[in-house]
Amino acid sequence: MTRSDFLGFGVMGAIVGAILTIPPVAFVLGPIIKTDVLGDSNVGSGWQEVGPVSEVPVEEPVDFVVNFPLQQVYGTKAIENPNVQNSESKFTLRNAIWLSWKAPIKEQGRQGSNGDVIGKPQRPAILDEKSEGFTESEREEIMSKLNVLSNSCAHLGCPVRWFPEKQLYLCPCHGGLYDINGGWVGGPPPRGMYRYTEAEVRENGKLYVKHKFNIEKGLDKQEPYVV
Amino acid sequence: MIGRIRTQTSEASQFLVDWMEDRTGIVTILEHVLYEPVPKRGAWLYTLGSAVLFTITLQFLTGILLLFYYVPTTDHAWDSVNYIMNDAYFGQVIRGIHYWSANFLMAFIGLHMGQVFFSGGYKSPRELNWVVGVILLLLVIGLAFTGYLLRWDQDGFWASVVGMKIGSYSPFVGGYVVHFLLGGDAVGPATLSRFFAIHVWLLPAAIAPLIGAHLYLLRRHGAFGSEFEYTDRLAKLHERQRMEEYARYETGEDEGEPYVGRRDRADRDGHEGSGE
């Protein structure tokens, strides 16, 4: 084999190999390229209506279901306007959101050994007087006292439920336990419940959220994903 | 009358078998594949591999049938399974076989693997067959995992979410694994399509040739002893079968062809004498 043969085979081999492998690989790994390389998300980035915050009672969390628009194959196109009804036949990302009032942490717990020591949840006094038309400072106060938690367990993503008799969230799959603030109490989860990082109360007294969570990368050398 | 028909039928079938053997060698192949002397002790343990082969064949057959009605879309998947279970003729049986033989398949694989492990069947020269078997095990686990989501009910949905999140904890590639399986960053239509493609085409297409390789390697080395020993035993088995046939011939028709019978008996006696 001469030098030019070698180069010819090498170059042709590389070209033919690329033509044969790149299209199918990119076709199958498209979602990885889009989410991990380009940083896109299938979930609509707009605000979604959750519900009126005045409906959240003092000592019990309450759950609201939010249908996030999902752009995935034949899912709904992003519906940024919450007034538009989602078509029933289209697939949306149904997430349950637990709302509750923050209970003050008296003593910080340690992940893996014991949960926080907490007091009574505190509901903003303004909500006894009115349920909408809040001023800027009132909205800030509400948001500072509101827990906006994803029901997706931080362990393996099962939906958690509030157990009034225990005053804890319990995950049905592997027994993860969280307190009313979503802090870790017991079981296998490596962290507390996921919080929605972008949430706001508007003048109409309703809460709006975006599909963003407080994901801490590199926590315990694990990468938790909200599924 | 009946005797003549029987003779004609057996002649015709013998002709067919000879014709096929002449052109394909199928009889020799089947003899080599099917006949093997098996020790009487623990013989039931040697059926575990066949049990795995049988259940996985059931998976292929019932899986093909289920595809006639199943629809892999988020809004129709559950309904189509519901249709199979309630309206399609024998739908419960077909899906029931698919479901239960999948469960038994996993159990049989575990037992088969344990039998091979404890009997030392993975040792030289059968190491590669063990390796192929482990790859097959992983592929079957993949099939079991991806099949669960296709029902698109609460059970399968959350089990798959849990499974994918287990994958997300794997070092370095966790994120890629979970995004690959999800087909994005959330459970949705792409997830179901992907699981369908993996369950129905990717893994079965990978598993079929590996089953062939597994069986070929099994026959190459035999289940008991080396290739040489195996053919030797097979020759002895054929010899014994022939002897038995001659013996029946002799007792049945005393006056017919005495010479052959006598010579053969002498052969057998001589053979046994020298063998022991």
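Residues numbered from 1 in each chain as written. Chains lettered and ligands numbered in written order. Predicted model: local features only at pLDDT ≥ 70, side-chain atom pairs only at ≥ 80, totals over all residues.

**Quick look at the overall build of chain B**
Spelled out, the test is: Numbering of helices and strands runs from the N terminus, with a helix taken as a DSSP run of H or I at least four residues long and a strand as a DSSP run of E at least two residues long. Three exposure classes are used, all based on how many other C-beta atoms lie within 10 Å of a residue's own C-beta (placed from the backbone): buried at 20 or more, exposed at 12 or fewer, and partly exposed between those limits. The contact criterion used is a C-beta to C-beta distance within 7 Å, with each C-beta placed from the backbone.
In terms of regular secondary structure, chain B is built from eleven helices and zero strands. Along its sequence from the N terminus, chain B presents helices and strands in the succession α-α-α-α-α-α-α-α-α-α-α. Considering chain B as a whole, with its 276 residues, one finds that 21% of them fall into the buried category. The contacts in chain B between residues at least 6 apart in sequence include a share of 62% that link residues at least 24 apart.

**Some points on the overall build of chain A**
A count of helical and extended segments in chain A gives four helices and twelve strands. Counting all 227 residues of chain A, 32% fall into the buried class. Partitioning the contacts of chain A with sequence separation of at least 6, the portion at a separation of at least 24 is 55%.

**Remarks on the interface of chain A and chain B**
Which entries qualify depends on this criterion: Nonpolar residues are Ala, Val, Leu, Ile, Met, Phe, Trp, Tyr, Cys and Pro. Charged residues are Asp, Glu, Lys and Arg, and all others, Gly as well, are polar.
Between chain A and chain B, the contact holds 24 residues from the first and 26 residues from the second. Looking at the side of chain A that touches chain B element by element, the count peaks at four residues for helix 2 (residues 30–37) of chain A. Across the side of chain A that touches chain B, the residue classes tally to 14 nonpolar, eight polar and two charged.

**A look at the sheet that holds strand 1 (residues 48–52) of chain A**
Residues and elements named next belong to chain A. Going by this rule: Here a strand pair is declared whenever DSSP counts at least two bridges between the two strands. Every axis in this analysis is a line fitted to C-alpha atoms, fitted for helices over the stretch in contact. Angles between the N-to-C directions lie between 0 and 180 degrees.
Judged by pairing direction, the sheet is antiparallel, and its three strands sit side by side in the order 1-12-11 without closing on themselves. The outermost strands of the open sheet, each flanked by one partner alone, are strand 1 and strand 11 (199–201). Each strand axis lies, on average, 25° off the axis of its neighbour in the sheet, ignoring direction.

**Let's talk about unusual backbone geometry**
Residues and elements named next belong to chain B. With an omega of 5°, the peptide bond running from S124 to P125 counts as cis. Within the secondary structure, P125 sits in the loop between helix 5 (91–118) and helix 6 (127–150). Phi is positive for F172, which is not a glycine, with a value near 70°. By the secondary structure assignment, F172 is in the loop between helix 7 (154–168) and helix 8 (174–182).

**Here we look at the sheet that holds strand 7 (residues 161–163) of chain A**
Pairing between the strands of a sheet comes from backbone hydrogen bonds, and it takes one of two forms, parallel or antiparallel. Residue and element names in this part refer to chain A. The antiparallel open sheet is built from four strands, whose spatial order is 7-8-9-10. If you trace the sheet from one side to the other, it starts and ends with strand 7 and strand 10 (184–186), each paired once. Pairing of strand 7 with strand 8 (residues 168–170) involves three bridges; the strand directions are antiparallel. Residue pairing for strand 8: W162 is matched across the bridge by Y169.

**Brief notes about helix 9 (residues 189–221) of chain B**
The line we're drawing: Take the residue count of a helix, subtract one, and multiply by 1.5 Å to get its expected span. Across the chain, bend at a residue is computed as the angle between axes fitted to the seven residues ending at that point and the seven starting from it.
A rise of 1.5 Å per residue sets the reference length of helix 9 of chain B, with its 33 residues, at 48 Å; its end C-alpha atoms lie 47 Å apart and thus fit the reference within 8%. Its maximal kink placed at I198 of chain B, helix 9 of chain B deviates by approximately 40°. All of the buried residues along helix 9 of chain B are P189, A190, T191, L192, R194, F195, F196, H199, V200, L203, I207 and H214 of chain B. Packing partners of the buried residues in helix 9 of chain B comprise helix 2 of chain A together with helix 4 (77–86), helix 6 and helix 8 of chain B.

**What about the nonpolar core?**
Using the following cut-off: Put simply, a nonpolar core is buried Ala, Val, Leu, Ile, Met, Phe, Trp, Tyr and Cys residues tied into one set by C-beta atoms within 7 Å.
Formed by 43 residues in total, the largest nonpolar core has its most connected members in I97, L99, M193 and V209 of chain A together with L182 of chain B. Every element with two or more residues in this core is listed here: strand 2 (62–68), strand 3 (93–101), strand 6 (146–150), strand 10 and strand 12 (206–209) of chain A together with helix 7 and helix 8 of chain B. In terms of residue count, strand 3 of chain A provides more of this core than any other element does, five residues in total. Once residues lying within four places of it in the same chain are set aside, the contact partners of L99 of chain A are V53, V56, P61, V62, F64, L146, N147, V148 and L207 of chain A. Residues V81, I84, L149 and V200 of chain B belong to the second largest nonpolar core, which totals twelve residues.

**Comments concerning the domain arrangement of chain A**
Which entries qualify depends on this criterion: Domain start and end points were adopted from an automatic or database domain assignment.
Looking at the assigned domains, one finds that chain A contains domain 1 (1–40) and domain 2 (41–209). The gap between the C-alpha centroids of domain 1 of chain A and domain 2 of chain A is 45 Å.

**A look at the packing of helix 6 of chain B against helix 7 of chain B**
Residue and element names in this part refer to chain B. Heads up, the rule is: An angle counts as roughly parallel when it lies under 35 degrees, as roughly antiparallel when it exceeds 145, as roughly perpendicular when it falls between 65 and 115, and as oblique in every other case. By definition, turning the near helix anticlockwise from the far helix through less than a right angle yields a left-handed crossing, and turning it clockwise yields a right-handed one.
Contact pair helix 6 / helix 7: the axes reach a minimum separation of 7 Å and the direction vectors enclose 140°. Taken together, the axes of helix 6 and helix 7 lie oblique to each other. When you trace helix 6 past helix 7, the crossing you get is left-handed. Packed against helix 6, whose contacting residues are F145, Y148 and L149, the element helix 7 presents G156, F157, A159, S160 and G163 at the interface. Classifying every residue of the contact of helix 6 with helix 7 gives five nonpolar, three polar and no charged.

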